[in-house]
Each structure stands twice: as structure tokens, then as C-alpha cells.
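Next come the chains, spelled out residue by residue.
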Amino acid sequence: MTETIVDLETWPRAAQFRWFRTYDRPHYATTSRLDVSRLIARRGASDFSVYRASLFAIGCGLHAVPELLMRFRSDTVVRHATTHLSMPVPTPEGSFNYAYVPFVSDFAEFDPQTKAILHDAAAADELNAVGAGTDDVVFLSCMPWLDYTSINNAMPHKDDSIPRVTWGKYVSEAHEWKMAMTLEVHHALVDGAHVGAFFQAVQDTLDQF
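A few points on the structure. Keep in mind that this is a model prediction, so the values were computed, not measured.

Calculation rules
- Residues numbered from 1 in each chain as written.
- Predicted model: local features only at pLDDT ≥ 70, side-chain atom pairs only at ≥ 80, totals over all residues.
- Heavy atoms only, no water.
- Helix = DSSP H or I, 4+ residues; strand = E, 2+ residues; numbered from the N terminus.
- Expected span 1.5 Å × (residues − 1).
- Buried < 20%, exposed > 50% of the residue type's maximum accessible area, 1.4 Å probe, protein only.
- Contact = heavy atoms within 4.5 Å.
- Phe/Tyr/Trp six-rings, centres within 6.5 Å; stacked < 30°, edge-to-face > 60°.
- Lys NZ or Arg CZ within 6 Å of the ring centre and 35° of its normal.
- Axes fitted to C-alpha atoms, helices over the stretch in contact; angles between N-to-C directions.
- Parallel < 35°, antiparallel > 145°, perpendicular 65-115°, else oblique.
- Left-handed = near helix turned anticlockwise from the far one by under 90°.
- Nonpolar A, V, L, I, M, F, W, Y, C, P; charged D, E, K, R; others polar.
- Pairing = 2+ DSSP bridges.
- Salt bridge = Lys/Arg side-chain N within 4 Å of Asp/Glu carboxyl O.

For the rest of this paragraph, the subject is helix H5 (residues 192–206). Helix length check: H5 (15 residues) gives 21 Å between terminal C-alpha atoms against 21 Å at 1.5 Å per residue, within 8%. Turning to H5, its buried residues number three or more, namely His194, Val195, Phe198, Phe199, Ala201, Val202, Gln203, Thr205 and Leu206. Lining the buried residues of H5 we find strand E2 (27–35), helix H2 (37–42), helix H3 (50–63), strand E8 (164–167) and strand E10 (176–186).

Applying the stated criterion to the full structure yields 14 aromatic pairs. Centre to centre, the rings of phenylalanine 103 and phenylalanine 110 are 6.0 Å apart; their planes meet at 55 degrees, and the pair counts as tilted. No difference in accessibility class separates phenylalanine 103 from phenylalanine 110, as the two residues are buried. Here the aromatic residues Phe48, Phe56, Phe103, Phe107, Phe110 and Phe209 are joined through ring pairs into a cluster of three or more. Arginine 43 extends its terminal NZ or CZ atom over the ring of tryptophan 177, reaching a point 5.4 Å from the ring centre.

Relative to each other, H3 and helix H4 (residues 107–123) sit at 120 degrees, their axes nearing to 10 Å. By the criterion of interaxial angle, the relationship of H3 to H4 is oblique. Seen along the crossing, H3 lies across H4 with a hand that is right-handed. In this structure, H3 contributes Tyr51, Arg52, Ala53, Leu55 and Phe56 to the contact, and H4 contributes Phe107, Phe110, Asp111, Thr114, Lys115 and Leu118. The class makeup of the residues in the contact of H3 with H4 is seven nonpolar, one polar and three charged.

Relative to strand E6 (residues 96–102), strand E5 (residues 84–90) runs antiparallel, the two being bridged by seven bridges. Across the sheet, valine 89 pairs through a bridge with asparagine 97, a residue of E6. Linking E5 to E6, which pair antiparallel, is a turn of five residues; within it glycine 94 sits at a positive phi near 95 degrees.

Let us look at the pattern of salt bridges. What the rule picks out here adds up to 13 salt bridges. A salt bridge links arginine 33 to aspartate 147; the nearest nitrogen and oxygen atoms lie 3.0 Å apart. One end of the pair, arginine 33, is in strand E2; the other, aspartate 147, is in the loop between strand E7 (137–142) and E8, and 114 residues separate them in sequence. The exposure class of arginine 33 is partly exposed, given its relative accessible area of 35%. Residue aspartate 147 is classed as partly exposed on the basis of its relative accessible area, which comes to 38%. Among the salt bridges present, the one from aspartate 47 reaches arginine 52, with a minimum N-O distance of 4.0 Å. Ionic contacts of the salt-bridge type, sharing partners, join the residues Asp47, Arg52, Asp111 and Lys115 into one network.

This is the structure in C-alpha cells:
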């Protein structure tokens, strides 16, 4: 993956980056409800997966916000040109393995590629957890059993700067379909305005299906 080193001498958020790096709990999670009515309207159509369409919308949201593609390694900040989407894939034995999907901005290309990767991950013999030093990834997780109002993720340490995205059950509300989605980020890199831009970009993509 292509990455660019961010010049801390000219980066407008350098002071905020250094400040929030001192926090013991620098991560925060924001949950919003999104309209998925157009996805649900297509549910049951030939080879259309609401799940894979949700993955695509999340990928579009992430890649619409440069700060969500940033990572830090000690005092070096980098910005990836693109990232993989990683999600747990259930196995027939009742466990799960991790899949890694390269994001492609064309759904017609993204969808069959993702379908094949998920199929292979379900049949794999090992967990395939991301290795140390690999940060061109975003961790995704679906909670289809719950219409939740908030959630947070297990974090290995305070310097983990990889975003997490979670989404929940599709529920009917006043002739529309909604779902909860959560973005969890490191405050050294991402502020509230960036979170808001992510949710807007995800909703804009969902509205195009």
C-alpha cells in the first residue's frame, strides 16, 4: 500500500496529536443511526448482499475522510492512500477467521471480490489475525443480533491508531429501515468533525443503492 509521511511542522493538527498522545484513554466511540431503506428494498434480489453493500458503504465513508486513513508509529504520522477492510467471518465449526478485503471504489468490482474473499476466509484453517506493524487496515464487526445504542472495542494498547467500525441489526422504524453504526477512533488523529464526515459519506453511499 502507498503511504505518505505527514510533516508535523506544517500539519495543522500537530499540537492536538501531541496532546492526545499523552492520554491513558485516547479512544472514543460515536454511534449514529443510519437509513438503510434502499438496501432493504433490494434484499432478495439476485446475488445482492445487504452485508457486502454495507461493507462497501463503510469503505466509502472511510476513504472520504483522510484522517481515517492516518496512523502513527511512535512520533511518525503516515497517511495511507487506501486500506484493507478486515472483518470476522463465521466458520462452519462455530468460530471465526479474519478476512482482509482491499477497498475498491467501484461496487461492481468490489462485490464479487469481497464475496470470494469471505468464502475463502470461512474455509481457512487459521485465524489469520493481522501481524504486528501492519496498519493499512480498518477493523469491522457486524452485530446483527442487537439494535444497540452504544458499543466499544477491545484495544490492545493506547497507541493503537487503527479505527474500528461496528454496525447492528436492521430495524423497521416508521416506514423506514435503520441500523446503528459506531466509529471508534484515536483522538490524536481524529476529531468530531471527521467522525461526522464519515457518517455522512456512509449515508450518501447507502442512498445510492
